[in-house]
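Structural overview
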Amino acid sequence: MSAQKKKPTVFRCSSCGHEEAKWLGRCPSCGEWNTLREAAASASSVRAAGAAGTAERWSLPLAAVDPAEGSRFPSGMAEVDRVLGGGVMKGSSVLVGGEPGIGKSTLLLQVAAKAGVSGRVLYVSGEESAPQIRLRADRLGLAREGLEILCSGDLELVLDALEKLKPRAVVIDSLQTLRSAEAGSVPGTVNQVKYCALALSEWAKEAGSAVFLVAHVTKEGAIAGPKAAEHMVDAVLYFEQTDGELRFLRATKNRFGSTDEVGLFTMTETGLAEVADPSRLFLTRREGGLPPGAAVAPLWEGSRCLLVEIQALTVPAKASLTRVYSDRVDAGRVARIAAVLERHGGLRFSDQDIYVNVAGGMRIAETGADLAVAAALYSARSGLSLPDRCAVAGELSLAGEVRPLRRMRARVRACGALGYAEVLGPVPEDGEREPGWTGAATIKEAIRRLFGPGARGASGGKPGPEGRGESV
Ligand code: TYD
Ligand code: MG
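Residues numbered from 1 in each chain as written. Chains lettered and ligands numbered in written order. Predicted model: local features only at pLDDT ≥ 70, side-chain atom pairs only at ≥ 80, totals over all residues. Heavy atoms only, no water.

With respect to the helices, strands and loops of the structure, Val-296 is situated in strand E15 (residues 294–301). For Val-296, a relative accessible area of 0% gives the class buried. Every residue in contact with Val-296, bar those within four places of it in the chain, is listed here: Leu-283, Leu-290, Leu-307, Val-308, Glu-309, Ala-391, Val-392 and Tyr-420. (Helix = DSSP H or I, 4+ residues; strand = E, 2+ residues; numbered from the N terminus. Buried < 20%, exposed > 50% of the residue type's maximum accessible area, 1.4 Å probe, protein only. Contact = heavy atoms within 4.5 Å.)

Now the structure itself:
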């Protein structure tokens, strides 16, 4: 028996990345001819071969698994930790997607430097030179200890560096500038992006380190976007900006946590600043009460309750077909709520163009916003303002009932803390009461409570032809 252990090899297809134990003239996966080349076996194929060789090693008792293996470490940025579900999972791969210029490089350089304070981190850049990165780090006032820079787009070189450095985390900026000789000659193709993402996430699993892969969202074209690598990684985060100042970091996939947390940042002179208390960020500051068309809703974004101002505007339709213009709240939902209001609220919307917006550019998916959207629409169409310092929360059924909402008491308390003394919502169940919480069983009752018993629709009746006026 030879003392030298031979490095395991496989035959890998240069077209699709498929691996075979022996050479074949034609790839059985993609059907290309003469594409199989001998290559060092990837970690997973070595594992598979090992498992096949030692029959007793197919599985292991759950109780024998060391739970410490799955532990997390802080990224150094609380908002990033929040989105990941409480820190960076060791051995995990995280894809960070976003439009060019949104701040991915800035965010990940900040994470790399902060996580580097308590362990080594490698920052691989295929887009910027080492002096450029140093300048940026200095301008951001970042610590330099523990942070290693590698400016290369060569996957094999990166993997070598990882073997030697054994960092606790590596940032790849970007996945699309990385290239492996094994996967064709052009960087950024779907094949390259998939191959490199897989190799790096396998390395992370093996080494118990974390890998962050930056990927630009691309317009249709030759360069593959982050979608190509989504199923190769444990978590997918998208960094995005709406029309406001805020930047949102959202998980669309997370094997180690929920996907409903959102991280909030603003871009400053010195990099991305975290917004720790966003509760009143989505409210418009103004003297006096709300103008007609505005309503405030307490909504859950992950573990935070935010007060959000919803704005509606209705104008007589210019064409015979009316339209709903709403990109922050699903337009189909707005149309449904308008129909419920027309049927149960006594105001006509079917001859109106409807505009709905959310202050601060927040996108709202929670159905708990239904009643506030209805109140804003009613207010816009009738010209009647909502009472000052009164928030609205509830889901609406097509029959015009206000349905119960989860975590309603906490919403009422969050409103109280921000000076909203009253919340109109679903009727509290037994033992659920909370000071400041007023219940309404139906949209009719809600209208009566918000706009007074004289308001159209408050006491029943047919849809009226016209509102009193239209404003924001
Ligand atoms: P960048 O992180 O390079 O974006 P991405 O990697 O997603 O393409 O930078 C985004 C923008 O932010 C860039 O136009 C410059 C700006 N910026 C600041 O306003 N302040 C800063 O401190 C930094 C580093 C960048
Ligand atoms: Mg960048």
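In this section: the pairing of strand E9 (residues 169–173). The element E9 is extensively covered by neighbouring structure, given that 5 of its 5 residues are classed as buried. A two-sided burial pattern is seen for E9, the buried positions comprising Ala-169, Val-171 and Asp-173 on one face and Val-170 and Ile-172 on the other. Taken together, the 5 bridges between strand E7 (residues 121–125) and E9 define a ladder with parallel strand orientation. Opposite Val-121, over in E9, you have Ala-169 as the bridge partner. (Pairing = 2+ DSSP bridges.)

Attention now moves to the pattern of salt bridges. Counted according to the given criterion, the structure contains 23 salt bridges. With a shortest N-O distance of 3.4 Å, Glu-182 and Arg-12 are connected by a salt bridge. Highlighted residues: Glu-182 in the loop between E9 and helix H6 (190–207) and Arg-12 in strand E1 (residues 9–13), separated in sequence by 170 residues. Take Glu-182: its relative accessible area is 23%, and that puts it in the partly exposed class. Three or more residues are tied together by salt bridges with common partners; here these are Glu-79, Arg-82, Glu-261 and Arg-304. (Salt bridge = Lys/Arg side-chain N within 4 Å of Asp/Glu carboxyl O.)

Right, let's get into the packing of aromatic side chains. This model, assessed by the stated rule, comprises 3 aromatic pairs. When the ring of Phe-239 is compared with that of Phe-265, the centres are 5.7 Å apart and the planes differ by 85°; the resulting orientation is edge-to-face. On the criterion of sequence distance, the pair formed by Phe-239 in strand E11 (residues 235–241) and Phe-265 in strand E13 (residues 262–268) is long-range, its members being 26 residues apart. The exposure class assigned to Phe-239 is buried, which follows from its relative accessible area of 2%. Summarising the aromatic geometry, the rings of Tyr-325 and Tyr-355 are spaced 4.7 Å apart at their centres and angled 10° between planes, so their arrangement reads as stacked. Remark: Tyr-355 occurs in strand E18 (residues 352–358) and Tyr-325 occurs in strand E17 (residues 324–325); sequence separation between them is 30 residues. Judged by its relative accessible area of 29%, Tyr-355 is partly exposed. In this structure, Arg-389 packs its charged tip against the face of Tyr-420, placed 4.7 Å from the ring centre. (Phe/Tyr/Trp six-rings, centres within 6.5 Å; stacked < 30°, edge-to-face > 60°. Lys NZ or Arg CZ within 6 Å of the ring centre and 35° of its normal.)

We now examine the sheet that holds strand E14 (residues 271–274). Note on sheets: strands pair through backbone hydrogen bonds, and any given pair is parallel or antiparallel. Spatially, the 9 strands line up as an open sheet ordered E8-E7-E9-E10-E6-E11-E12-E13-E14, and their pairing is mixed. Strands with a single pairing partner mark the edges of an open sheet, and in this sheet they are strand E8 (147–151) and E14. With direction set aside, neighbouring strand axes in the sheet form an average angle of 25°. Here H6 sits on the sheet in contact with strand E6 (93–98), E9 and strand E10 (210–216), set at roughly 160° to E10. (Axes fitted to C-alpha atoms, helices over the stretch in contact; angles between N-to-C directions.)

With antiparallel pairing, 3 strands are arranged side by side in an open sheet as E2-E1-E3. Taken across any chain shown, the strands that pair with only one partner, and hence form the sheet edges, are strand E2 (19–20) and strand E3 (36–40).

Below, the discussion takes up the packing of helix H7 (residues 331–344) against helix H8 (residues 370–382). Running from N to C, H7 and H8 point in directions that differ by 65°, and their axes come no closer than 10 Å. Judged by the twist between their axes, the crossing of H7 over H8 is right-handed. Of the residues in H8, those touching H7 at Arg-333, Val-334, Ile-337, Ala-338 and Leu-341 are Asp-370, Val-373, Ala-374, Leu-377 and Tyr-378. Of the residues belonging to the contact of H7 with H8, the class tally is 8 nonpolar, no polar and 2 charged. (Left-handed = near helix turned anticlockwise from the far one by under 90°. Nonpolar A, V, L, I, M, F, W, Y, C, P; charged D, E, K, R; others polar.)

The full set close to ligand 1 counts 16 residues, and Gly-101, Lys-104, Ser-105, Thr-106 and Gly-271 are the nearest of them. One of the backbone nitrogen or oxygen atoms of Gly-103 is found 3.0 Å away from an oxygen atom of ligand 1. Within the contact set of ligand 1, an oxygen atom lies 2.8 Å away from a backbone nitrogen or oxygen of Gly-271. Sorting the residues of the shell around ligand 1 by element identifies helix H3 (104–116), helix H4 (130–139) and E13 as the ones contributing at least two each. The residue makeup of the shell around ligand 1, split by class, is 4 nonpolar, 7 polar and 5 charged. (Near = heavy atom within 4 Å. Polar contact = N/O pair within 3.5 Å; in protein donor to acceptor, adjacent residues only side chain to side chain.)

Moving on, we get to the pairing of E8. Direction of pairing for E7 relative to E8: parallel, over a ladder of 5 bridges. Counted as the bridge partner of Tyr-123 is Ile-149 from E8.

Where interface size is quoted, it is often the accessible area lost as the parts come together. As far as domains go, the chain holds domain 1 (9–48), domain 2 (70–276) and domain 3 (281–470). When each unit is reduced to the centre of its C-alpha atoms, the spacing between domain 2 and domain 3 is 40 Å. Of the residues lining the interface, 15 residues belong to domain 2; the matching set on domain 3 comes to 11 residues. Note on domain 2 versus domain 3: buried area summed over both sides is about 1,100 Å², and carbon and sulfur give 44% of it. Across the contact surface, domain 2 and domain 3 share 3 salt bridges. (Domains from an automatic or database assignment. Buried area = accessible area lost by both parts, 1.4 Å probe.)

We now examine the side chain of Asp-370. Residue placement: Asp-370 occurs in helix H8. Taking relative accessible area as the criterion, Asp-370 reaches 6% and is therefore assigned buried. A distance of 3.1 Å separates a polar atom in the side chain of Asp-370 from the backbone nitrogen of Leu-396. Once residues within four sequence positions are removed from consideration, Asp-370 is found in contact with Arg-333, Ile-337, Gly-394, Glu-395 and Leu-396.

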